[in-house]
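# Structure assessment
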Amino acid sequence: TLPCLPGARPCIPKDFGHGSLVCVCNATYCDTLDPLVVPAPGSYVKYESSKAGKRLERSEGKFQRSLRTPGLLLTVNISTLYQHVKGFGGSLSDAAAMNILKLSQPAQDKLLRSYFSESGIEYNLIRVPMACSDFSVRPYSYDDVPDDYELKHFKLVDEDVKMKV
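Residues numbered from 1 in each chain as written. Predicted model: local features only at pLDDT ≥ 70, side-chain atom pairs only at ≥ 80, totals over all residues. Heavy atoms only, no water.

When helices and strands are tallied, the chain shows three helices and six strands. Listing every helix and strand of the chain by position from the N terminus yields β-β-β-β-β-α-α-β-α. On C-alpha atoms alone, the chain measures out to a radius of gyration of 21 Å, which is more than a quarter above the 15 Å that the 2.2 N^0.38 rule sets for 165 residues. Referenced to the eigenvectors of the C-alpha coordinate spread, the extents of the chain come out at roughly 65 × 45 × 30 Å. Burial statistics for the chain: of 165 residues in total, 20% are counted as buried. Taking all contacts inside the chain whose residues are at least 6 apart in sequence as the whole, residues at least 24 apart take part in 43%. As presented, the chain carries roughly 12,900 Å² of accessible surface, and 60% of it is formed by carbon and sulfur atoms. Charged side chains of the chain number 20 positive and 19 negative; the gap between the two group centres comes to 9 Å. (Helix = DSSP H or I, 4+ residues; strand = E, 2+ residues; numbered from the N terminus. Rg over C-alpha atoms; globule rule 2.2 N^0.38 Å. Buried < 20%, exposed > 50% of the residue type's maximum accessible area, 1.4 Å probe, protein only. Contact = heavy atoms within 4.5 Å. Areas by Shrake-Rupley, 256 points an atom, 1.4 Å probe, with all protein chains shown as cover. Lys, Arg positive; Asp, Glu negative; His and termini not counted. Charge placed at Lys NZ, Arg CZ, Asp CG, Glu CD.)

Put into structure tokens, the structure is as follows:
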């Protein structure tokens, strides 16, 4: 395990019991990472989180150069690409939006920067559930009129207008 890098701010854990640790993020503090740097050829950087308390813990290593070296063998063929990664992100459910909106404006700003800025984890995608989900406070849809195939009665609900749009 490497020490906290210059400029990075470590997680201040808060325990909610039952093995549920979260990192404190408020108007004055959020944990951060240093900007990501592409490692040298033949080496890698790994960030690991665990139930045991690791929170984006950074470590470095070198890829093995020989099949005779003991351990896991990972073969990467960079000439064959199977998919294009557009980005990384998370979901903004009703519950997440409600909790974010309960924070002070400075805490909201710090939290959102910790997700989407270069000083955070640099999310560039977000998934927003259509209508309610299992993280909503009530069941709802955008058009409850039977057989309305043309969606003439389609309407966003207050939760979406206030919290998601």
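So, next bit.
A separate point is the confidence of the model for the chain. Here the chain shows a mean pLDDT of 84. Residues at 70 or above account for 95%. When pLDDT is averaged over each element of the chain, strand β6 (residues 125-127) comes out on top at 93 and strand β2 (residues 21-23) at the bottom at 80. Between residues 1-6, whose pLDDT stays under 50, and residues either more than four places distant or in other chains, the model counts ten contacts. (pLDDT = per-residue confidence, 0-100.)

Turning our attention to the nonpolar core. Formed by Leu 92, Ala 97, Ile 100, Leu 111 and Met 163, the largest nonpolar core amounts to five residues. Those residues in contact with Leu 111 that lie beyond four places of it in its chain are Cys 25, Cys 30, Ile 100 and Leu 103. (Core = buried A, V, L, I, M, F, W, Y, C linked by side-chain atoms within 4.5 Å.)

This next bit is on the side chain of Lys 110. You can see Lys 110 is positioned in helix α2 (residues 105-116). No salt bridge is formed by the buried Lys 110, whose closest oppositely charged neighbour, Asp 109, lies at an N-O distance of 9.5 Å. When neighbours within four sequence positions are excluded, Lys 110 is seen to be in contact with Arg 9, Cys 25, Asn 26, Ala 27, Thr 28, Tyr 29 and Cys 30. (Salt bridge = Lys/Arg side-chain N within 4 Å of Asp/Glu carboxyl O.)

So, on to the state of the cysteines. This structure, assessed with the given rule, holds two disulfides. Two residues share a disulfide in this structure: Cys 25 and Cys 30, whose sulfurs sit 1.5 Å from each other. The class for Cys 25 is partly exposed, based on a relative accessible area of 23%. Using a relative accessible area of 2% as the deciding quantity, one classes Cys 30 as buried. Look at the chain and number its bonded cysteines as they come in the sequence; the links are 1-2, 3-4. (Disulfide = S-S within 2.5 Å.)

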